[in-house]
Structures are given as structure tokens and as C-alpha cells.
Amino acid sequence: MLSSATMDTHTTPSPGRSDFIRDIVADDCAAGRVKSVVTRFPPEPNGYLHIGHAKSICLNFGIAMEFDGRCHLRFDDTNPAKEEQEYIDAIEADVRWLGFDWAEHLYYASDYFEQLYKWAVHLIRQGKAYVDDLSAEEIREHRGTLTEPGRESPWRGRSAQENLDLFARMRAGEFPNGSRVLRAKIDMASGNINFRDPVLYRILHARHPRTGDAWSIYPSYDFAHGQSDAIEGITHSICTLEFADHRPLYDWFIENLPVPSRPRQYEFARLNLTHTVLSKRVLLRLVHDGHVRGWDDPRMPTLSGLRRRGFPAEGIRDFASMIGVARADSVVEVEMLEHAVRDVLNRTAPRRFGVVDPLKVVIENYPEGHEHVEVPNNPEDESAGTRAVPFSRELWIEREDFMEEPPKKFFRLAPGREVRLRSAYFITCTDVVKDASGAVVELRCTYDSATRGGSAPDGRRPKATLHWLSVAHAVPAEVRLYGHLFANPLPGSDGRELLDDLNPGSEVVVQGFVEPAAAGAPLGHTVQFERLGYFCMDPDSTAGTPVFNRTLTLKDTWAKVRAKESAKSAEEPLAHP
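Residues numbered from 1 in each chain as written. Predicted model: local features only at pLDDT ≥ 70, side-chain atom pairs only at ≥ 80, totals over all residues. Heavy atoms only, no water.

Participant: How would you explain the overall build of the chain if you had to name every residue and give the values?
Facilitator: Check the secondary structure of the chain and you find 14 helices and 27 strands. Taken over the C-alpha atoms alone, the chain extends approximately 100 × 60 × 50 Å along its principal axes. The 577 residues of the chain split such that 52% are buried. For the chain, the share of sequence-separated contacts (at least 6 apart) that also reach a separation of at least 24 residues comes to 71%. For the chain, the exposed area adds up to about 26,000 Å²; of that, 49% sits on carbon and sulfur atoms. (Helix = DSSP H or I, 4+ residues; strand = E, 2+ residues; numbered from the N terminus. Buried < 20%, exposed > 50% of the residue type's maximum accessible area, 1.4 Å probe, protein only. Contact = heavy atoms within 4.5 Å. Areas by Shrake-Rupley, 256 points an atom, 1.4 Å probe, with all protein chains shown as cover.)

Following this line, the structure appears as C-alpha cells:
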């Protein structure tokens, strides 16, 4: 577990990890403006974290570790109507799974409700806040547009004494929801709409997960955010670009309140990923409308969904490092994320045999009974050793590994052709058995006993090597083959209904077989089914029937594209002045 509170680091960024935010932090440390770096990750507990949040988590906790500081986990729990303990628990689990630890620095905006209320009273007494009776719709109408100034509320001129009385009665619960709000009194003609008397408090009679019924009013995000940073001594408040227009308001509150510290806000580009939607509202709709199995559906971009699919936390951290931190929005190819995940799994995932579309092979000259052959657990890691896999007269192979009339470049099994069975023997197809409809149901083969282990004494080398399973020992398994949830790289683009771009083939469930060693894998454990891809044991598994989710195929599109681009660049002549 990576801990921003305990990791031994230095006050300069680690080699190769430089970006404009890290440069700002380094300059602040070098100039003595900051003695100890303190960052925070402040999620709203109204949904599950997704891959976009992972970028922010890695940035905030990463900077804290690199500069020997600390990172707080703070829940922005200011809207009890949408918040649940389920989300709080899930967020904590996701951050820990990703590899980070906040130590004792777990906080909630609700910890500061009393202090925030006192600061609101301070603004009222200074003539910088007032109670407004306009409805939410009327406030929007009075706010104006980007080209037209706003109009002042008729209640803007209330005396401080009247405002203090009304605000106290709002807290006491005397008024119904939506009847009154507390607004900052700034500038209704400001070019920044956020300065046009923003709402600080609204009336909401809802039970809070932590404070219960103690409050009938709740602060807005803009009012709670910066002040919570100041209370906790945050030095660098790092947000995504949509909060850039809110920064002047963030600073206005800090300058007009007696806060204990002066944090600074900085913005970076949020993550946009092809074939993916990261809007929490849309993700909630996908769950509630039954388009997916739940928040942790392996097709979802949530961290719980990626974890269930078999993505390793290390791969997600590597991806966050690969894409870097930018000032401008862009779209990242999802293949880049998949490349980072494959890179980790190729090193770490043990190899196993699985067959997802089985075709029976009977080796007619193989004796009754069975033997075990030794198969490497991971060719990338000799220390992983080998395992004993049962081999017998009747086997399963992949149906796609046989063609009765093969084209020129098909080198796998065909009538009269010899192939290698991985770590076992060479076999030759001698006959094809079909059912009444003409479909191939079984292959008859012979084997060469002198080729045990996969090599021939005479040096002949078949052009294809197949994976296989012993029919008598194979364990039936449900296999869920996953693809992109959205077929269109940019879901909802060109004005289309976003859900029209859902991929109807994003989940295909088949019945296959796996070797005993795979069936005994723990939940959440990712293995490579040789020649098929990476697969993870799903929580839906039972003692008799394991369920495997396909994490990714073995094909790495992004790596091939980058290799072609690099080759093309190398071929281009150098430019001369």
C-alpha cells in the first residue's frame, strides 16, 4: 500500500515525472512558500469512482508522496438527498485497492458544518451575504447570460439584522424546501457568472448519513470546498478544468473570511476516453435502467467494474502516468489503457488452459488412462515454475482451430495435417465426424509418442501449436466475453442519443471448459488462457461452476499502431534548415 504519510521521498519530483502542476509544487517548495505539501482527493459520495477519478487520485496522492507530504481523503457530503453510506464504503475500498492510503487523514465536509455556518454569519454581518426569497427558477432568470448582466434580487437590500434572523430560522427548520436561500452579495454585472451572487446555502429537509436531522440547511459545493481546504491546511487544491471559472469565487471566499490558511486552486484536464462515458449521471442511468448488471459490471468504467473485470491496480496507475497531466482537454484512446493493463498482466498473470468453443478430439492410438505433462506457468517468469496438466485420449480444442477445407494461410488442424499440442504431443487429423446437419462434432486423430513435451527427435516442426484440455478432467465454466460498452468511439457525438451507441455485443456468455488449476483460482484472480486472452474469476462463481470474465484479448492494437507510427517517423528524412 502506497502511503502519502509514510513514504520516504524527497522534495523534488521523481525522475521522469514532471508536469506543469508538479513544476508549480516544486517552485513553491523551492521558494519557501510551502513548508509541507498537502493535497486532497474530495469525492462526492453519490456514486462509484471511475477511471477518470483514478487519474485525480494518482495525481493528488502521487504529488504528496513525491514531495514528502500528505494527501487527505475528504468526502464532499453536502447533498444528503443523493448520498449513501454504500458509496462512502465503495470509495474508500477503491482508493485502497488502487494502492493509496490516507492514514489518519480521513475527513468529511460535514465535519465543518458548524464552522461553515459561522462563516456564513460573518459574511452577513459584513454585508456580503443575504437571504433571498426568489425561487430557483427566478434566480436563474435574474442571473443573466454571458452577454447580458444579471438583475438584482428585490431581497438583496435586506438589512444584516433581518438576514441574520432569517438565516437562523432557516437553520431551525421553519421554512420549506426551496423557499429561501442564502446568497453571497458580490456583483450581478460581473463577466464571470459565478460572481453573480452565488448561492451559499439552500434549505433541504433530508436526513444526512452522518449528521442525521441536525441540519435543515446545507452549504453549496462552492462555499464548502475552499473553506474545507483552508481548515485542513491544503496547500494545492487540484481540480479539473471545469472548475477554472470557479477559481475567482474560491479566492473571493478565502479573502473575505477569517480562514486559518490560504490554499491555492489549480486545474488540469479531465480524462476523456474513447468508447467510454464518464458522466456520473449517465452511469447511474445505465445502472438504474438495467443496461448493465450494476455499478461493478465488468463493462463499466468504474474502478469496481474494472477490478471485477480483472484490471490490475498497477496497470491503472501506469496508465495515469502514461497519459500525464495537461492543461487542455483531449480524448485518449481506450487502447492505451488496455496496453498498460496487458503490459502488467503479461508479466504477472499465470498461464492456464481454457476452451471457450469446444470441439472434441479423440486420439485413437493413445492408450486408455491419462498422464500429466509439465506446462510453464509463465514464460515471462521462470521463477513461476511449472504445473502438471492431465492429458488423455479425449481432448477439447477450440473449434476455430480446425478447418475441413483450410485456406492457404491457415496452418492449424485440418484433415491430414499435423500440429503440436502445447507441451504435449504432435497429433494428425485422420477423420472428421459430423452430425445429421453436417456440422463437425468430433475429430479422429493419431499422436506421435516420440514427441512428448512438444518436440520431435527428427527435428520436424509443425507450423501451429494449439491449447487443449483433457475431457475427463476439464471443469465446465461460464465464460463472459466482454467488449466495449459503447460501439461508437465518441458515444453520443453528432447529436445522436447516447444510449443508441450502446454495443449490443458488449457481453457474450458462452459455456466452455477450464483446466483444474484455473477452476481453483481465487476470486478476482486474473490468469491468461493461452492464445485466448486474460480472464478473471467472477464473484458469481459457485463451487461447481466457475465464472470467468474476459479481461482483455491478447491483441494489442495500441502497441501496433504506435510501432507503425515510430517506424514511419524513422523512415522520414530529417528536415534541413
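Now that the structure has been shown, the text picks up again.
Participant: Lay out the pairing of strand β6 (residues 129-132) with the relevant residues and their values.
Facilitator: Burial of β6 is two-sided: the residues A129 and V131 facing one way and the residues Y130 and D132 facing the other way are all buried. Pairing between β6 and strand β7 (residues 181-184): 4 bridges, direction antiparallel. Residue pairing in the sheet places Y130 in a bridge with R183 of β7. (Pairing = 2+ DSSP bridges.)

Participant: Explain the layout of surface pockets to me, using residue names and the numbers behind them.
Facilitator: Space inside the largest pocket adds up to approximately 590 Å³. Considering the residues around the largest pocket, the lining is formed by 22 residues, among which E44, H53, T240, E242 and F243 are closest to the centre. A class-by-class count of the residues in the lining of the largest pocket yields 10 nonpolar, 7 polar and 5 charged. (1 Å grid on protein atoms, 1.4 Å probe; cavity = no way out; pocket = protein on both sides within 12 Å on 5 of 7 lines; lining within 4 Å. Points joined across faces, edges and corners; volume = space filled by probe spheres on them. Nonpolar A, V, L, I, M, F, W, Y, C, P; charged D, E, K, R; others polar.)

Participant: Residue-level account of the packing of aromatic side chains, with values.
Facilitator: Under the defined criterion, the tally for this structure stands at 24 aromatic pairs. Ring geometry for F75 versus Y108: centroids 5.3 Å apart, planes at 25°, classification stacked. Residue F75 is located in strand β3 (residues 70-75), and its partner Y108 is located in strand β5 (residues 106-108); the two are separated by 33 residues in the primary sequence. With respect to class, F75 is no different from Y108; both count as buried. Residues F391 and W468 carry aromatic rings whose centres are separated by 5.1 Å and whose planes lie at 80° to one another, so their mutual orientation is edge-to-face. Of this pair, F391 sits in strand β16 (residues 386-392) while W468 sits in the loop between β21 (465-466) and β22 (469-470), and the two are 77 residues apart along the sequence. Using a relative accessible area of 0% as the deciding quantity, one classes F391 as buried. Taken together, the ring pairs in this structure connect F113, Y117, F167, Y201, W215, Y218, F223, W252 and F253 into an aromatic cluster. (Phe/Tyr/Trp six-rings, centres within 6.5 Å; stacked < 30°, edge-to-face > 60°.)

Participant: Give me the lowdown on the sheet that holds β6, citing residues and values where you can.
Facilitator: On the basis of which strands lie adjacent, the open sheet formed by 4 strands has the order β6-β7-β8-β9 and antiparallel pairing. Single-partner strands in this sheet number two, and they are β6 and β9 (217-219). When the angles between neighbouring strand axes are averaged without regard to direction, this sheet yields 20°. With 3 bridges joining them, strand β8 (residues 199-203) and β9 adopt antiparallel strand pairing. Its bridge partner being in β9, Y201 is matched across the sheet by P219. (Axes fitted to C-alpha atoms, helices over the stretch in contact; angles between N-to-C directions.)

Participant: Quick rundown of empty space enclosed by the protein? Include the residues and the values.
Facilitator: Enumeration according to the criterion identifies 3 cavities of 30 Å³ or more in this entry. Approximately 230 Å³ is the volume attributed to the largest cavity. Along its surface, the largest cavity is lined by 20 residues, and T276, R299, L306, R309 and V334 are the ones closest to its centre. Among the elements of the structure, α10 (303-309) and α12 (334-348) are those that each provide at least two residues to the lining of the largest cavity. The biggest single contributor to the lining of the largest cavity is α12, with 3 residues. Residue composition of the lining of the largest cavity, by class: 13 nonpolar, 4 polar and 3 charged. Taken as a whole, the second largest cavity encloses approximately 60 Å³ of empty space.

Participant: Before we move on, could you go through the sheet that holds strand β20 (residues 440-448) and cite the residues and values that matter?
Facilitator: Read from one edge to the other, the open sheet built from 7 strands follows the order β21-β18-β19-β20-β14-β17-β22, with strand pairing classed as mixed. Among the strands making up the open sheet, the edge pair consists of β21 and β22. Strand direction decides the pairing type here: strand β18 (residues 418-421) and strand β19 (residues 426-434), joined by 3 bridges, are antiparallel. Paired with R420 across the bridge in β19 is F426.

Participant: Before we move on, could you go through the side chain of N192 and cite the residues and values that matter?
Facilitator: Within the secondary structure layout, N192 lies in the loop between β7 and β8. Side-chain polar atoms of N192 contact the backbone nitrogen of N194, separated by 2.9 Å. Polar side-chain contacts of N192 include one of 2.9 Å to the backbone oxygen of D245. Discounting chain neighbours no more than four positions away, the residues touching N192 are D245 and P248. (Polar contact = N/O pair within 3.5 Å; in protein donor to acceptor, adjacent residues only side chain to side chain.)

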